[in-house]
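# Tertiary structure, described
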Amino acid sequence: MTEHPQALPCAGLIRRLIALVYDAFLMFAIVLAYAGLVLAGRVLISGAEAATQPFSGLAAAPYLFGMWLGPALFYCICWRRRGQTLGLKNRRPACALVG
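The structure displayed is predicted, hence computed values, not measured ones.

## Some thoughts on the overall build of the chain
When you go through the chain residue by residue, the secondary structure sums to 4 helices and 0 strands. With 99 residues in all, the chain has 18% of them scored as buried. In the chain, the proportion of contacts linking residues at least 24 apart, taken out of those at least 6 apart, comes to 68%. Summed over its atoms, the accessible surface of the chain is roughly 7,800 Å², and 69% of this surface lies on carbon and sulfur atoms.

## Quick look at helix α3 (residues 60-81)
In this model, α3 (22 residues) spans 32 Å end to end at C-alpha, consistent with the 32 Å of a helix rising 1.5 Å per residue. Those residues of α3 lying buried are A60, G66, M67, P71, F74 and C78. G83 sits one or two positions beyond α3 and adopts a positive phi of about 80 degrees.

## A short note on the packing of helix α1 (residues 13-46) against α3
Interhelical geometry of α1 versus α3 gives an angle of 140 degrees and a closest axis separation of 10 Å. One finds that α1 runs oblique with respect to α3. Of the two elements, α1 crosses α3, and the hand of that crossing is right-handed. Counting all contacts with α1, which are made through D23, L26, M27, I30, V31, Y34, A35 and V38, the residues of α3 involved are P62, Y63, G66, M67, G70, P71, F74 and Y75. Across the contact of α1 with α3, the residue classes break down as 13 nonpolar, 2 polar and 1 charged.

## Let's talk about α1
For α1, which comprises 34 residues, the first-to-last C-alpha distance of 49 Å matches the rise-based estimate of 50 Å (1.5 Å per residue) to within 8%. Just downstream of α1, G47 is the residue with a positive phi angle, here 95 degrees.

Scoring rules and cut-offs
- Residues numbered from 1 in each chain as written.
- Predicted model: local features only at pLDDT ≥ 70, side-chain atom pairs only at ≥ 80, totals over all residues.
- Heavy atoms only, no water.
- Helix = DSSP H or I, 4+ residues; strand = E, 2+ residues; numbered from the N terminus.
- Buried < 20%, exposed > 50% of the residue type's maximum accessible area, 1.4 Å probe, protein only.
- Contact = heavy atoms within 4.5 Å.
- Areas by Shrake-Rupley, 256 points an atom, 1.4 Å probe, with all protein chains shown as cover.
- Expected span 1.5 Å × (residues − 1).
- Axes fitted to C-alpha atoms, helices over the stretch in contact; angles between N-to-C directions.
- Parallel < 35°, antiparallel > 145°, perpendicular 65-115°, else oblique.
- Left-handed = near helix turned anticlockwise from the far one by under 90°.
- Nonpolar A, V, L, I, M, F, W, Y, C, P; charged D, E, K, R; others polar.

Okay, here's the thing in structure tokens:
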């Protein structure tokens, strides 16, 4: 890293908002895929009648945990491997460490 952090261009507000919307669509897809897997599992295990009943009590806890775990894993994997999420990588805003 021979470049000085101040030499990098700063991403504008519009570019950052577009990256945020792009990541929101990805989060929606992850949560929707998880909900589909849970629904398919309920239908296979309990039958089609159980799929129409909402989760209640302690049965809702693992479901809600999974709803939070999917997006959290997405962000952890993206930031650990590439240092950016897909929305940031697609829009290429400059991110620099100052230190």
